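Next come the chains, spelled out residue by residue.
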Amino acid sequence: QKEVEQDPGPLSVPEGAIVSLNCTYSNSAFQYFMWYRQYSRKGPELLMYTYSSGNKEDGRFTAQVDKSSKYISLFIRDSQPSDSATYLCAVSGNTPLVFGKGTRLSVIA
Amino acid sequence: SAVISQKPSRDICQRGTSLTIQCQVDSQVTMMFWYRQQPGQSLTLIATANQGSEATYESGFVIDKFPISRPNLTFSTLTVSNLSPEDSSIYLCSVRQGAPPYGYTFGSGTRLTVV
């Protein structure tokens, strides 16, 4: 079993839709949970991080962690064409980051 | 957060040759990492570049194939040796700063195509 599982998509939604991106992880030792956004021909950039179960909001973005089920989610409200990118979940503990495969999102105007 | 300059941004290389990728950071950082991102795959950690000592390689990656230098706290190179088409991938350097959960910053990546 891979340490982090993420559906690679692709996912295509109309502008204004709510987007839900999800990952599962296998190792309960992971303490930190992150979402990175990667535009084409760019390196990943940190979007949000959290380290406790529950929700964390930042503008149109909400990160959610459920440690009991080892499930992490990213919700994007009122999605915009500029949100079109690959979204990677990442987890870490006392180790370097472990990434999911990334979900390619297209928001269609 | 740190700003990373990674060069080259892309290259096309003949099989059997080598490519050296440079990563320059605008501030001193202790932890630097090299990742590989193959098409449709997640970022896979190749090694941690340690300043003043040999790099620490992850399972499946060896120094002979991926020699790494880290002469100071702002610079590192990754060489991909004896290239084969299977090495075609994006290679990224990353730095870690601060306290847990740490801030990880990535370079823009080097897109390598081996022909």
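Residues numbered from 1 in each chain as written. Chains lettered and ligands numbered in written order. Predicted model: local features only at pLDDT ≥ 70, side-chain atom pairs only at ≥ 80, totals over all residues. Heavy atoms only, no water.

Colleague: What exactly am I supposed to notice about the overall build of chain A here?
Modeller: The secondary structure content of chain A amounts to zero helices and 11 strands. Taken over the C-alpha trace, chain A has a radius of gyration of 13 Å; the compact-globule value for 109 residues is 13 Å, and the two agree within 12%. With respect to the principal axes defined by its C-alpha atoms, chain A has extents near 40 × 30 × 20 Å. Out of the 109 residues in chain A, the part that is buried amounts to 44%. Expressed as a percentage of contacts within chain A between residues at least 6 apart in sequence, the contacts between residues at least 24 apart total 53%. Taken as a whole, chain A presents about 5,400 Å² of accessible surface, with 47% of it coming from carbon and sulfur. Within chain A, one finds 11 positive and 10 negative side-chain charges whose respective centroids are separated by 6 Å. (Helix = DSSP H or I, 4+ residues; strand = E, 2+ residues; numbered from the N terminus. Rg over C-alpha atoms; globule rule 2.2 N^0.38 Å. Buried < 20%, exposed > 50% of the residue type's maximum accessible area, 1.4 Å probe, protein only. Contact = heavy atoms within 4.5 Å. Areas by Shrake-Rupley, 256 points an atom, 1.4 Å probe, with all protein chains shown as cover. Lys, Arg positive; Asp, Glu negative; His and termini not counted. Charge placed at Lys NZ, Arg CZ, Asp CG, Glu CD.)

Colleague: Please explain the sheet that holds strand β1 (residues 4-7) of chain B as it appears in this structure.
Modeller: Hydrogen bonding along the main chain pairs the strands of a sheet, whether they run parallel or antiparallel. Residues and elements named next belong to chain B. Read across the sheet, four strands follow the order β1-β3-β8-β7 without closing on themselves; strand pairing throughout is antiparallel. The open sheet is flanked by β1 and β7 (68-72), the only strands paired with a single partner. Going from strand to strand, the sheet's axes swing by 15 degrees on average, the running direction of each strand aside. Two elements, strand β3 (residues 19-25) and strand β8 (residues 75-80), share six bridges in a ladder whose sense is antiparallel. Across the sheet, L19 pairs through a bridge with V80, a residue of β8. (Pairing = 2+ DSSP bridges. Axes fitted to C-alpha atoms, helices over the stretch in contact; angles between N-to-C directions.)

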